[in-house]
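Examination of the molecular architecture
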Number of protein chains: 2
Amino acid sequence: MSAYLDLCTLARERALLSTTSAVLGWDQETGLPPAAVPYRAAQLAYLSGQIHQLSTSDPWRKALEAAEAETPDSPTTSANLREFRHHFDRATCLPRDLVEQTAKTSSLAKAAWGEARSKSDFSLFAPHLETLLDLARRKADLWGYEEEPYDALLENYERGARTSDVVRIFDSFQEDLTTLSREAVTRSASTPPDLLHGYYPIIAQQTLNAEIAESIGFDLRAGRIDTVAHPFCTHLGPRDTRLTTRYHLTDFTSSLFGVLHEAGHGMYDQGLPESEHGLPSGNAVSLGIHESQSRLWENHVGRSRPFWERWYPRAVDLFPNLQKVSLHDFLRTINRATYSPIRVEADEATYDLHILLRFDLERRMLRGELAVKDIPAAWNEAFEALFGFLPPDDAHGCLQDIHWSMGGLGYFSTYTLGNLNAAQLFHTAQQDLRIAASFAKADVAPLLKWMQDNIHAAGSTLFPQDLMRQATGEPTNPQYHLAHLRQRFLTNDPQ
Amino acid sequence: MSAYLDLCTLARERALLSTTSAVLGWDQETGLPPAAVPYRAAQLAYLSGQIHQLSTSDPWRKALEAAEAETPDSPTTSANLREFRHHFDRATCLPRDLVEQTAKTSSLAKAAWGEARSKSDFSLFAPHLETLLDLARRKADLWGYEEEPYDALLENYERGARTSDVVRIFDSFQEDLTTLSREAVTRSASTPPDLLHGYYPIIAQQTLNAEIAESIGFDLRAGRIDTVAHPFCTHLGPRDTRLTTRYHLTDFTSSLFGVLHEAGHGMYDQGLPESEHGLPSGNAVSLGIHESQSRLWENHVGRSRPFWERWYPRAVDLFPNLQKVSLHDFLRTINRATYSPIRVEADEATYDLHILLRFDLERRMLRGELAVKDIPAAWNEAFEALFGFLPPDDAHGCLQDIHWSMGGLGYFSTYTLGNLNAAQLFHTAQQDLRIAASFAKADVAPLLKWMQDNIHAAGSTLFPQDLMRQATGEPTNPQYHLAHLRQRFLTNDPQ
């Protein structure tokens, strides 16, 4: 297996470059001086180029070919070779200028998007999106696809997935979801929206967030929590996983659920086998699985009654304003369904409607059926059909998300896959009576252990749908998510 | 000039790597999760290796040789070629094992030094210092020197400088300084040390620091100010210069003078010609010039009467505690001279004594006249001769500084060169009546403009002493510093 070991050495060298690039990306989001954006773009483009060069180099190709000629010594080796080959073929068919142009454009586009959103002026972002869409189509053509360009991009995020599978899954629950969300919104109307309104000092929010993040299992010695405008989680190498959130002085739940969500991502990263760092077996498998972990901790754990039976007294302790709110009313408030124009503010019951809209628009953009200039109108039309009202402006419509500015076309569908996977994994884990009993007492360590054993430890050795099959007995099935939403929003006993 | 342009392209590529490495270093100091230290070391070692490889590569050598064969199109080109050649020869004459051993030893030595200092036990650090000294001597031998090994190391920090020049400069003011500092300490004894003692909220300190930094000309759109244990300034590329400071709740001047000092460094970095970034003509020229800028803004500007006539009302506004302290008493307090065993706590009047001590010891160590085991005794003997008392222990004596543990032999003398240069540059600039008149009203924009035109814009095109000659009409002359100290500490009209 000496060629395989050579290949692993090259892969670990690539990981040094990609984690370095991730540090630069984290820094850009958390506090890069505004005037430094162009040079940061140059640094990131250079590193992307170096990564691409290494991943497509002669030594890499030779090591890969030689390793493939050896007899694999384990299923992990076979899986790694499968993934190495896949990524090598994908990387070698892209010319270097395309890779560098993508990095550079998206760094500039991110800044332009920020300005466009703040001014609600789509025209400031449109030319960048044109370029990014063109680059995405060129990539899709080079990578190839059987049915539609979206396939080629989806494969980046969800190995082995086909657009048609996603369409089938989404179609099978869109109608139920639309009905369910409408009922949830109607039922929630009797819960006043401003029950929690008060003053929540940021330092107290940070205290609660850190205590909760640590208690559910996020290792703060191997991570940190920072403040940004658009929260995310990033993994900068072994034992360096960084969460971000944003604070509202009048509502502590916004930063807290942000932290729970990102900690879900972070605990997946912290649960990846460190000895496999830099190899597929040490990498997260897909966005749909990643998002299952964030949603599980944010929603299935973080919005549940047992969780708050434990944590509500602490919250009341930190925020005297809550003394006037009963636990029952608190739970009703954090599980209140309303229609919002903003995806990231959407509740569980309505969230996936936002995804269905974006999934449809992106497929049309990529197929050339929707021009960039027509996006605002198409967005508003689709939004009105799903939600029954129009977004107030483009800042609250087609400009609300950062993803396109980062070249992340094909990405959104994985959020809903994540929601569906979360419900299915939570349901399966809860079949273990010991896990369920602990969970009822808000002891989530056994639940995390189950995720570590059944999801995190696998790295990318299985395709996401095979991992779901192995962990739960079946591929992604939307019925668990629907059952969860019904239980939470349409019964008198929201769990 | 096509070979020269090729060389510049390689140099700009190296700058992308070195600024990336600087981002990782900044991140390590400002908030790396503790468990991530080993992986960060691996990332930094990898980048160092890449930088070294590129700087000593065949393409680099060929471009350099071909560029040298061309006719330079400008003095800047000639200067850049001179510097490129110097650094290439220095980098290529070190065998790889020496470079690796230095990195390895200094990483171990830093940890050992930390432990030795905390236990005040020199024997824990001594074997590491033996090795570092041996490595430094081997490097000096490989780099070559005319008079003594210190020359070869000094050249790393102060291009074109000779130890004998430094000796001549230091010798010419040591006696005056010793006398002057003793008188200053005696006169200051009547100023109570705790006049400013009070409660200074960090947020108010940050407000004042940012207002002052911006008002003296540090561009916060192209920089930021963070909090660390050991303050520094780092330049992460064009328009990205980061200052750090530390806060004491009972004394706002500590963080403020830290910011003024680092902002002096930062404004030099921000004043380097951006079009020359990555080339010698776009790099800071030496530590002695860099330190002249930090000392100028910290001491000549930041501790002056005109400066505080403008800023003291604002400080009183932010810190009600100061209402009971007159401007006169405030100025006496921030310009109070005392003997401290610790260099970084020393005031202007006594600081350079700490450097004279280290300079002499280092030269004797490098010439083999002072054995490592004898350093504590030699330190204490020299300290007593200069200060009139013994350090309480080695932690407050020969173990106080991190520099040797990082292999930074030859570094200390540049601090005093910086102090001398600061006084000389300030004196020269003030000869311009418009600058002096503005300064008297605490308008420092013309002073900064003078530094930009006469110091920053030159990058590394001139040797530091030639730059001093061009800017002030003479090489470093300690009389300006002595005159400044006399005016500040020994008259009844401290400016």
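Fair warning: this is a prediction, and the values are worked out from it, not measured in the lab.

What about the overall build of chain A?
Along chain A, the regular secondary structure elements total 20 helices and 3 strands. The C-alpha radius of gyration of chain A comes to 22 Å, within 12% of the 23 Å expected for a compact globule of 495 residues. C-alpha extents for chain A along the principal axes are approximately 65 × 50 × 45 Å. Here chain A holds 495 residues, and 59% of them are scored as buried. Within chain A, contacts between residues separated by at least 24 positions form 73% of all contacts whose residues are at least 6 apart in sequence. Placing the 46 positive and 64 negative side-chain charges of chain A at their respective mean positions leaves the two points 2 Å apart.

Some words on the relation of the copies chain B and chain A
Note on the copies: chain B fits chain A at an RMSD of 1.1 Å, the axial shift is 0.5 Å, and the rotation between them is 174 degrees. Each copy turns onto its partner about a two-fold axis. Most of the interface of chain B is mirrored in chain A, where 100% of its interface residues are also at the interface.

Section: the sheet that holds strand E1 (residues 223-227) of chain B
Residues and elements named next belong to chain B. Taken together, the 3 strands give an open sheet; going across it, the order is E1-E3-E2, and neighbouring strands pair in mixed fashion. Here the strands that pair on one side only, and so sit at the sheet edges, are E1 and strand E2 (233-235). Adjacent strand axes in the sheet meet at a mean angle of 20 degrees when their direction is disregarded.

Observations regarding the packing of helix H14 (residues 348-366) of chain B against helix H15 (residues 375-387) of chain B
All names here are of chain B. Contact pair H14 / H15: the axes reach a minimum separation of 10 Å and the direction vectors enclose 145 degrees. Here the hand of the crossing between H14 and H15 comes out right-handed. For the pair H14 and H15, contact is made by Thr350, Leu353, His354, Leu357, Arg358, Leu361, Arg364 and Met365 and by Ile375, Ala378, Trp379, Ala382, Phe383, Leu386 and Phe387, respectively. Grouping the amino acids of the contact of H14 with H15 by side-chain chemistry returns 11 nonpolar, 2 polar and 2 charged.

Section: the interface of chain B and chain A
Taken together, the contacts link 35 residues of chain B with 35 residues of chain A. When chain B packs against chain A, close to 2,800 Å² is buried across both sides, 58% of that on carbon and sulfur atoms. The largest per-residue losses of area from chain B upon contact with chain A belong to Leu16(B), Tyr39(B) and Tyr46(B), which jointly make up 23% of the total buried on that side. Here chain B is connected to chain A by 4 salt bridges. As a salt-bridge pair, Arg40(A) and Asp240(B) come within 3.7 Å of each other at their nearest N and O atoms. Joining chain B to chain A, the criterion identifies 12 residue pairs in polar contact (both at pLDDT 80 or more). Mapped by element, the contributors of at least two residues to the side of chain B that touches chain A are helix H1 (2-31), helix H2 (37-55) and E1 of chain B. For the side of chain B that touches chain A, the element with the most residues is H1(B), which contributes 12 residues.

Details of the domain arrangement of chain A
All names here are of chain A. On domain assignment, one finds that chain A holds domain 1 (2-92) and domain 2 (120-495). Spacing between the C-alpha centres of domain 1 and domain 2 amounts to 27 Å. If you look at the interface, domain 1 gives 18 residues, while domain 2 gives 27 residues. For the pair domain 1 and domain 2, the summed buried area comes to about 1,900 Å², and 60% of that belongs to carbon and sulfur atoms. Considering only the surface of domain 1 that becomes buried against domain 2, Arg12, Trp26 and Arg90 emerge as the three largest contributors, covering 36% of it. Along the contact surface separating domain 1 from domain 2 lie 1 salt bridge. Across the pair Glu83 and Arg159 runs a salt bridge, and its minimum N-O distance is 3.0 Å. At the junction of domain 1 with domain 2, the criterion picks out 10 residue pairs in polar contact (both at pLDDT 80 or more).

Some points on the packing of aromatic side chains
What the rule picks out here adds up to 48 aromatic pairs over all chains. Note on Trp60(A) and Phe84(A): the rings are 6.1 Å apart at their centroids and 80 degrees apart in plane angle, and the pair reads as edge-to-face. Residue Trp60(A) is located in helix H3 (residues 58-69), and its partner Phe84(A) is located in helix H4 (residues 75-92); the two are separated by 24 residues in the primary sequence. We note that Trp60(A), like Phe84(A), is buried. Through a chain of ring-to-ring contacts, the aromatic side chains of Tyr200(A), Phe252(A), Phe257(A), Phe307(A), Trp308(A), Trp311(A), Tyr312(A), Phe319(A) and Phe330(A) assemble into a single cluster. Just above the ring of Tyr351(B) sits the side chain of Arg295(B); from NZ or CZ to the centre is 4.3 Å. Here Arg303(B) stacks its cationic end above the ring of Phe257(B), 3.9 Å away from the centre of that ring.

Re helix H20 (residues 479-490) of chain A
Within H20(A) the residues assigned to the buried category are His481(A), Leu482(A), His484(A), Leu485(A), Arg488(A), Phe489(A) and Leu490(A). Taken together, the buried residues of H20(A) touch helix H8 (163-188), helix H11 (287-301), helix H14 (348-366) and helix H16 (413-430) of chain A.

Some details on the nonpolar core
In this structure, Phe122(A), Phe125(A), Phe170(A), Ile375(A) and Trp404(A) are the most contacted members of the largest nonpolar core, which totals 63 residues. Not counting residues up to four positions away in its chain, the partners in contact with Phe122(A) are Leu129(A), Val372(A), Ile375(A), Pro376(A), Asp394(A), Cys398(A) and Leu399(A).

Comments concerning the pattern of salt bridges
Counting across every chain of the model gives 71 salt bridges over all chains. Among the salt bridges present, the one from Arg168(A) reaches Asp165(A), with a minimum N-O distance of 3.9 Å. In this pair, Arg168(A) and Asp165(A) both sit in helix H8, 3 residues apart, roughly one turn of the helix. Arg168(A) sits in the exposed class, given a relative accessible area of 52%. As a salt-bridge pair, Glu348(B) and Arg488(B) come within 2.8 Å of each other at their nearest N and O atoms. With Glu348(B) in helix H14 and Arg488(B) in helix H20 (residues 479-490), this pair connects stretches of sequence that are 140 residues apart. Accessibility expressed as a relative area gives 10% for Glu348(B), which makes it buried. Taken together, the shared-partner salt bridges in this structure form one network comprising Asp27(A), Arg40(A), Asp240(B) and Arg242(B).

Notes on the packing of helix H8 (residues 163-188) of chain B against H14(B)
All names here are of chain B. One can describe the packing of H8 onto H14 by two numbers: an axis separation of 9 Å at closest approach and a directional angle of 140 degrees. Overall, the two elements H8 and H14 adopt an arrangement that is oblique. For the pair H8 and H14, the sense of crossing is left-handed. For the pair H8 and H14, the contacting residues are Thr163, Val166, Val167, Phe170, Phe173, Gln174, Leu177, Thr178, Ser181, Ala184 and Val185 in the first and Ala349, Thr350, Asp352, Leu353, Ile355, Leu356, Phe359 and Arg363 in the second.

What about the sheet that holds strand E1 (residues 223-227) of chain A?
Residue and element names in this part refer to chain A. Spatially, 3 strands are ordered E1-E3-E2 in an open sheet, and the strand pairing comes out mixed. Looking at strand neighbours, the two that pair on one side only are E1 and strand E2 (233-235), the edges of this open sheet. Pairwise comparison of adjacent strand axes, ignoring direction, gives a mean angle of 20 degrees for this sheet. Where E1 and strand E3 (residues 241-245) come together, 5 bridges link them in parallel fashion. The residue of E3 that forms the bridge with Gly223 is Thr241. Lying on the sheet, helix H10 (residues 252-271) is in contact with E1, E2 and E3; it crosses E3 at an angle near 165 degrees.

Quick look at helix H7 (residues 149-157) of chain B
Counting buried positions along H7(B) gives 8 out of 9 residues, so the element sits mostly inside the fold. Considered for burial, the residues of H7(B) that qualify are Pro149(B), Tyr150(B), Asp151(B), Ala152(B), Leu153(B), Leu154(B), Glu155(B) and Tyr157(B).

Describing unusual backbone geometry
The phi angle at Arg239(A) is positive, at roughly 60 degrees, despite the residue not being glycine. Residue placement: Arg239(A) occurs in the loop between E2 and E3. The class for Arg239(A) is partly exposed, based on a relative accessible area of 43%. Positive phi is not limited to glycine here, since Ser120(B) has a value of about 50 degrees. Mapped onto the elements, Ser120(B) comes out in the loop between helix H5 (96-119) and helix H6 (122-143). Judged by relative accessible area, which is 23%, Ser120(B) ranks as partly exposed.

Quick notes on the rules
- Residues numbered from 1 in each chain as written.
- Chains lettered and ligands numbered in written order.
- Predicted model: local features only at pLDDT ≥ 70, side-chain atom pairs only at ≥ 80, totals over all residues.
- Heavy atoms only, no water.
- Helix = DSSP H or I, 4+ residues; strand = E, 2+ residues; numbered from the N terminus.
- Rg over C-alpha atoms; globule rule 2.2 N^0.38 Å.
- Buried < 20%, exposed > 50% of the residue type's maximum accessible area, 1.4 Å probe, protein only.
- Contact = heavy atoms within 4.5 Å.
- Lys, Arg positive; Asp, Glu negative; His and termini not counted.
- Charge placed at Lys NZ, Arg CZ, Asp CG, Glu CD.
- Least-squares fit on C-alpha atoms with pLDDT ≥ 70 in both.
- Pairing = 2+ DSSP bridges.
- Axes fitted to C-alpha atoms, helices over the stretch in contact; angles between N-to-C directions.
- Left-handed = near helix turned anticlockwise from the far one by under 90°.
- Nonpolar A, V, L, I, M, F, W, Y, C, P; charged D, E, K, R; others polar.
- Buried area = accessible area lost by both parts, 1.4 Å probe.
- Salt bridge = Lys/Arg side-chain N within 4 Å of Asp/Glu carboxyl O.
- Polar contact = N/O pair within 3.5 Å; in protein donor to acceptor, adjacent residues only side chain to side chain.
- Domains from an automatic or database assignment.
- Phe/Tyr/Trp six-rings, centres within 6.5 Å; stacked < 30°, edge-to-face > 60°.
- Lys NZ or Arg CZ within 6 Å of the ring centre and 35° of its normal.
- Core = buried A, V, L, I, M, F, W, Y, C linked by side-chain atoms within 4.5 Å.
- Parallel < 35°, antiparallel > 145°, perpendicular 65-115°, else oblique.

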